[in-house]
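So the chains spell out like this:
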Amino acid sequence: MTIMLTLSAFAIGIVGAVPLAVGLSSSNILVRLATRLFVDLVRGVPIIVWLFLLKFGIQIGTFKFNPVAAAVVGLGVVSIAYLAEIYRGGLQGVPRGQGEAANALGLTRGTTFYRVMVPQAFRIVSPSIATYLTGLLKDSSIASTIIVTEMVFQSQAFARQHPSVEGILPYIIVGILYIVLSLPVAYLSRRLDSRMRKAVYA
Amino acid sequence: MFHLLTTWKITMPLSEIADGRIAPRFGIKLDNISKHYGDHVVLDDVSLHVQPGTVTALIGPSGAGKSTFLRCINLLERPDSGTIQVAQHTIEPGKDVSSRDLAALRRTVGMVFQSFNLFPHMSALKNISFPQQKVLGRSKEEADERSMQLLERVGLKEKASQHPGRCSGGQQQRIAIARALALDPGIMLFDEPTSALDPEVGLEVLAVMRELAADGMTMIVVTHEMQFARDVSDTLVVMADCKIIEQGDPRAIMSDPQEARTRRFLRAVLER
């Protein structure tokens, strides 16, 4: 469940953040203002509050979020906001001359963005994205508070049934599990990063 | 002029540049170009007419507006007013510029930057081929063939598969020149192409530019290389304080400047 939550929210975030990042660096002040407002609003409120609002605060007709859906949507939207900000930083990190050269060559805006800016921005942000992913993995534990049966929730259930010292045991196991899950992410991102650096300078 | 274009399109030999059978040459007319940022004037009613096949060197103290003026030619900077006439297109940058005119302008005018601006995530070959495929719609094979010809021409054939990060500044600048030439521009703009290079490495770039000038490319060059300006350019343009203060034969101006400001500038750069 933890992995499912993390990966779905991450998938939503990594795709959904693209248009938002474009909006954040738009030259149209209204678009920029609207996206900036969204990002700051989402980031300004703790994840746990968003999850409670989604789970218990929204009722449209007979529709209510079930816990898992609320958690995925909540974590997903928060990921969109954080990743959009990371993307924007990456796009701004690409030297100005790159866009100018593309313009001078007569490349279209789309080509310039997707073939010149994005690949370079991706190299800049890939470590930050990996850091965010490990953060998200651990933040997914917040979903336990809206009765999503992920790892921490199950530890709590166990602890409640065993109110002695052994109640601690599952937390220790869960802690180790988080480490085991986040290590490969860190490792893969380092490999990816060094490979891309080689690709640029080799 | 037209039959030249067609033969060249079919055969596309590299030698076309060497023996002068190049794409049609264009002149360019810039009239009354003005630009300011807020209250700060950067270009004050500047006009310049460049004849096809000539080399124009733009010199002057820094802050005179040379680079800005050059960047206004292909609309990297948008002038507030004035007209640009190139290749049967008249563009008034103060008004809305249609994307068709803009595309035509950028196809006609190639540019080389002080900081090279090669795409670091592409090999040298890809840097030159990619724009050809996107802008001219050439196939990958056609584009690569043309790129290899140009790389050979600038003496960097063996660098084709290398990324720019592995090339020296001078090599990068020569690749950047090849990239611009690959789109068969009628005019080439050079924005201080050797300023980021140490003097020795700058020579290899200047050599390519001399060759290009000898081939009859229309060139506008912002430079601090006085030797190059004197020997290679047909017209020397001196800018100071957002204006063109003097223009004409480079040797005449350098030996006998008419303006006090020109004299002061030339003394500073020549007598050091």
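Everything numeric in this text was worked out from a predicted model, so none of it was measured. (Residues numbered from 1 in each chain as written. Chains lettered and ligands numbered in written order. Predicted model: local features only at pLDDT ≥ 70, side-chain atom pairs only at ≥ 80, totals over all residues. Heavy atoms only, no water.)

### Topic: the overall build of chain A
Here is step 1: Counting secondary structure elements, chain A contains 8 helices and 2 strands.
Here is step 2: In chain A, the succession of helices and strands from N to C terminus is α-α-α-β-β-α-α-α-α-α.
Here is step 3: Principal-axis analysis of the C-alpha atoms gives chain A an extent of 70 × 50 × 25 Å.
Here is step 4: Across chain A, the fraction of contacts at a sequence separation of at least 24, relative to all contacts at a separation of at least 6, is 71%.
Here is step 5: For chain A, the accessible surface area stands at approximately 10,800 Å², while carbon and sulfur atoms represent 70% of it.
Here is step 6: Taking the 17 positively charged and 7 negatively charged side chains of chain A as two groups, their mean positions are separated by 8 Å. (Helix = DSSP H or I, 4+ residues; strand = E, 2+ residues; numbered from the N terminus. Contact = heavy atoms within 4.5 Å. Areas by Shrake-Rupley, 256 points an atom, 1.4 Å probe, with all protein chains shown as cover. Lys, Arg positive; Asp, Glu negative; His and termini not counted. Charge placed at Lys NZ, Arg CZ, Asp CG, Glu CD.)

### A look at the confidence of the model for chain B
Here is step 1: Here chain B averages 87 in pLDDT, and 91% of its residues register 70 or above.
Here is step 2: Predicted confidence is poor over residues 1-21 of chain B, with pLDDT under 50, and the contacts of this stretch with residues over four places away or in other chains come to 33 contacts. (pLDDT = per-residue confidence, 0-100.)

### Side note on the packing of helix α1 (residues 2-24) of chain A against helix α4 (residues 67-93) of chain A
All names here are of chain A.
Here is step 1: Closest axis-to-axis distance for the α1/α4 pair is 6 Å, and the angle between their directions is 40 degrees. In terms of axis orientation, α1 runs oblique to α4. The hand of the α1/α4 crossing is right-handed.
Here is step 2: Here the contact of α1 with α4 is built from residues that sort into 20 nonpolar, 5 polar and 2 charged. (Axes fitted to C-alpha atoms, helices over the stretch in contact; angles between N-to-C directions. Parallel < 35°, antiparallel > 145°, perpendicular 65-115°, else oblique. Left-handed = near helix turned anticlockwise from the far one by under 90°. Nonpolar A, V, L, I, M, F, W, Y, C, P; charged D, E, K, R; others polar.)

### Considering α1(A)
Here is step 1: The end-to-end C-alpha distance of α1(A), which contains 23 residues, comes to 31 Å, matching closely the 33 Å that a straight helix rising 1.5 Å per residue would cover.
Here is step 2: If you check which residues of α1(A) are buried, you get A:T2, A:L5, A:T6, A:A9, A:F10, A:G13, A:A17, A:L20, A:A21, A:G23 and A:L24. (Expected span 1.5 Å × (residues − 1). Buried < 20%, exposed > 50% of the residue type's maximum accessible area, 1.4 Å probe, protein only.)

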